[in-house]
Amino acid sequence: MTSRLVKFILVAVFGLIIIIPVTMVVLTTVKTSEDFYMNPIGIPNSFTMQNMIQLFIGNHIHLNLLNSLIVTISTVFLCLLVASFISYVIMRLKGWRSLLLFGLFILGMFLPAQVNMIPLYGVVNALGLNNSLFGLILISTTSFMSVVVFIVAGFMKTIPKSLIEASVVDGASEWQIYRKVVMPLSAPSIATAAIFVSVMVWNDLLYPLLFIVSPEKKTLPLALLDFQGEYFTNYPMIFSGVIIASIPMIIVYLFMQRYFMEGITAGSNKG
Amino acid sequence: MKVHKSLYLFLIPGFFLYFTFFIVPTLGAFFYSITDWDGVNQQFNFVGLFNYTSLLTDDTVFITSINNNLKFLLFVVFFQTLLSLIFALILMKNTKTNIFYRALFFFPTILSSVSVAFIWSFIYAPDLGLLNPLLQSIGLGMLTQSWLGNPDIAIFSIAFVQVWFHTGQVMVIFIAGLQNVPKELYEAAIVDGANKWQRFTKITWPLIAPATTIVVGYTTIQSFKAFDLIFAMTGGGPAYSTEILATFIYNSAFSNYQFGYASAASVVLMVIVAGLTLVQFRLVNRNKVEY
């Protein structure tokens with residue numbers, strides 16, 4: 001009985017440390033700034049949508065929202081395409097060739113981005129990709145490719161070889177085997193990887209910070225970062241931004257929770 | 001099995017991107033680390049190992065940032081591993097309540113570091129915040145602090161946020177590991193009269209050792225990647241007390257325009273991470289238990 005109580009208390013305390021801040025964020029966004037400074041943590045005495053509206057009219061946050069959507073969707077699409085190609089080759093080859101490719105392409109997973117961001121800055125400038133969403137998409141695709149190869153190639157290894165052999169005997173081309181046999185069977189790992197990567201791209205700060213300068217091209221996290229300088233302690237405004245930056249992911253999370261959790265297991269666990 | 005030559009065409013887009021945006025910059029870090037490049041001018045001079053010797057012998061901020069990285073890492077690895085294991089043990093059965101709690105604990109992971117940084121900057125704020133009034137109201141007023149302003153504790157305040165941010169995520173790794181332990185082992189142990197603690201130390205702990213190693217390794221790499229959170233919360237201050245290697249590299253390059261110098265720091269970071277990764281691989285292989 002006592003052990004059940006201890007367990008409940010532990011879980012409840014950690015649960016509250018998550019629920020209380022989240023509730024506080026939501027409540028703060030409907031406060032007027034006068035109400036907030038009088039009563040920063042209490043129940044709102046006022047109800048206003050002005051903060052949210054101001055973000056769209058004053059900060060044009062819809063542009064940032066659109067940029068984040070463009071960058072996330074394009075990166076996830078490109079990343080899955082390119083990484084599934086690589087994974088397919090890794091699966092089709094045998095022995096050291098396969099291992100070498102796998103090792104090479106997952107290397108990026110282990111190195112923090114700060115390790116090569118300075119020369120990367122040089123490369124991006126030299127290619128004229130600075131301050132362009134297209135450049136940001138290519139860089140993010142490369143950066144998250146490794147973890148997708150890790151997840152998808154790991155999954156493809158479990159596809160029965162006999163299926164592939166049958167297609168080879170039937171005279172299918174490599175493209176047909178990839179498109180008609182391997183990809184449909186890999187759908188679960190593709191979905192898991194897609195979710196895993198979209199969370200990371202949606203929330204990424206470093207690459208937009210390095211490569212995007214114009215306010216109208218900024219993604220949400222980068223635009224949000226500027227709020228610190230613009231609004232200081234005006235938390236009703238800052239938290240309204242937090243809500244807008246989080247809602248798309250929260251909606252996806254509500255519907256596809258399972259894939260979020262599978263992503264972390266697949267992305268870390270293959271030992 | 002025969003492989004058609006056209007198979008290699010599949011590698012072209014991946015190779016092209018990986019080469020341009022990963023391999024070239026990673027090797028480039030070594031190259032720039034022996035120059036005095038300022039990031040703006042096209043010309044630069046080769047300075048040999050000068051950047052490395054100044055980093056390691058003269059630069060107190062660099063030494064501080066390694067030190068802070070270590071404090072941050074130890075705090076996060078210890079508490080995140082411990083908490084996630086405890087929660088995984090409590091929530092491992094797939095009941096409705098447990099699935100709800102797992103989803104709740106996992107929730108912070110889907111937020112952006114910037115959002116998390118703002119939420120906790122508010123909670124920690126000395127005058128407006130949530131934590132200090134809370135401590136006062138429960139009679140612990142003497143513990144109130146400037147949580148991010150006091151150089152002695154700021155790094156730990158951020159480390160706590162990192163734990164809050166990612167415990168639910170690594171808990172999922174532990175749950176997967178725990179659910180893979182064959183139930184018959186526990187049944188046999190119960191028949192043999194083993195108590196709860198014995199079952200944990202003799203069955204669970206050894207069998208989830210691979211998961212533990214993965215969690216520790218993943219958390220370690222994550223601590224080196226905590227750039228976003230620290231950058232948005234304190235930017236490395238006050239008085240460099242929350243500067244870690246990643247923010248040091250960023251600041252040397254983009255605030256001080258010492259790109260060559262920052263590249264040398266990148267190489268040091270690369271060596272540290274590579275070393276830790278190798279150690280982790282060896283541990284994973286050694287901890288594989290057959291059952």
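This structure is a prediction, so every number in the text was calculated from the model and none was measured.

*Asks:* So what about the overall build of chain A? Which residues, and what values?
*Replies:* Check the secondary structure of chain A and you find 13 helices and 0 strands. Listing every helix and strand of chain A by position from the N terminus yields α-α-α-α-α-α-α-α-α-α-α-α-α. Taking the principal axes of the C-alpha coordinates as reference, chain A spans close to 75 × 65 × 30 Å. Counting all 271 residues of chain A, 45% fall into the buried class. For chain A, contacts bridging at least 24 residues in sequence account for 74% of all contacts bridging at least 6.

*Asks:* Help me get a handle on the nonpolar core, residues and values and all.
*Replies:* Considering soluble globular proteins, one finds that nonpolar side chains tend to be buried as a cluster. Val148 and Val149 of chain A together with Phe174 and Ala265 of chain B are the most contacted members of the largest nonpolar core, which totals 155 residues. Excluding its chain neighbours within four sequence positions, the residues that come into contact with Val148 of chain A are Cys79, Leu80, Ala83, Ala193 and Val197 of chain A.

*Asks:* Requested: an account of the UniProt feature "transmembrane region" (unreviewed entry) in chain B, with residues and values cited.
*Replies:* Taking the UniProt record as the reference, the feature "transmembrane region" (unreviewed entry) is found at residues 7-34, 72-92, 104-125, 153-176, 203-221 and 259-279 of chain B. Across residues 104-125 of chain B, the secondary structure splits into 68% helix and 0% strand, with the terminal C-alpha atoms separated by 25 Å.

*Asks:* Give me the packing of helix α4 (residues 61-92) of chain A against helix α5 (residues 95-110) of chain A: which residues, what numbers.
*Replies:* All names here are of chain A. Where α4 contacts α5, the axes come no closer than 8 Å and their chain directions differ by 150 degrees. As summarised for this structure, α4 and α5 are arranged roughly antiparallel, according to the angle between their axes. Note that α4 runs across α5; the crossing there is left-handed. From α4, Ile86, Val89 and Ile90 reach across to α5, where they touch Ser98, Leu101, Phe102 and Phe105. Looking at the contact of α4 with α5 residue by residue, the class counts come to 6 nonpolar, 1 polar and no charged.

*Asks:* Give me the interface of chain B and chain A: which residues, what numbers.
*Replies:* In this complex, chain B contributes 71 residues to the contact, which on the side of chain A involves 68 residues. Here the side of chain B that touches chain A takes 13 residues from helix α1 (residues 12-32) of chain B, the largest share from any one element. For the side of chain B that touches chain A, the per-class residue count stands at 55 nonpolar, 13 polar and 3 charged.

*Asks:* Provide a residue-level description of helix α7 (residues 133-156) of chain A, including the pertinent values.
*Replies:* Along its length, α7 of chain A shows its largest kink, about 40 degrees, at Met145 of chain A. Burial analysis of α7 of chain A places 20 of its 24 residues in the buried class, which makes it a mostly covered element.

*Asks:* Can you tell me about the confidence of the model for chain B, naming the residues and giving the values?
*Replies:* Residue and element names in this part refer to chain B. Confidence in the prediction of chain B, expressed as mean pLDDT, is 88, and 97% of residues score 70 or more. Mean pLDDT across the secondary structure elements of chain B bottoms out at helix α10 (residues 209-224), with 85, and peaks at helix α3 (residues 60-91), with 94. Interface confidence for the predicted complex, expressed as ipTM, amounts to 0.91; the pTM equals 0.91.

*Asks:* Would you mind going over the UniProt feature "transmembrane region" (unreviewed entry) in chain A in detail, with residue names and values included?
*Replies:* Residue and element names in this part refer to chain A. Within the UniProt annotation, "transmembrane region" (unreviewed entry) is assigned to residues 7-30, 69-91, 98-121, 133-155, 181-202 and 235-256. Along residues 7-30, the helical share is 96% and the strand share 0%, with 35 Å between the first and last C-alpha atoms. Annotated as 95% helix and 0% strand, the span residues 181-202 places its first and last C-alpha atoms 31 Å apart.

*Asks:* Report on helix α6 (residues 117-126) of chain A, specifying residues and quantitative values.
*Replies:* Along an α-helix, residues three or four apart share an orientation, since each turn contains 3.6 residues. Three or more residues of α6 of chain A are buried, namely Met117, Ile118, Pro119, Leu120 and Val124 of chain A. Gly128 of chain A sits one or two positions beyond α6 of chain A and adopts a positive phi of about 70 degrees.

Reading the values: the criteria
Residues numbered from 1 in each chain as written. Chains lettered and ligands numbered in written order. Predicted model: local features only at pLDDT ≥ 70, side-chain atom pairs only at ≥ 80, totals over all residues. Helix = DSSP H or I, 4+ residues; strand = E, 2+ residues; numbered from the N terminus. Buried ≥ 20, exposed ≤ 12 C-beta atoms within 10 Å, placed from the backbone. Contact = placed C-beta atoms within 7 Å. Core = buried A, V, L, I, M, F, W, Y, C linked by C-beta atoms within 7 Å. UniProt positions renumbered as here; feature names shortened; annotations may be inferred. Axes fitted to C-alpha atoms, helices over the stretch in contact; angles between N-to-C directions. Parallel < 35°, antiparallel > 145°, perpendicular 65-115°, else oblique. Left-handed = near helix turned anticlockwise from the far one by under 90°. Nonpolar A, V, L, I, M, F, W, Y, C, P; charged D, E, K, R; others polar. Bend = angle between axes of the 7 residues up to and from the residue. pLDDT = per-residue confidence, 0-100.

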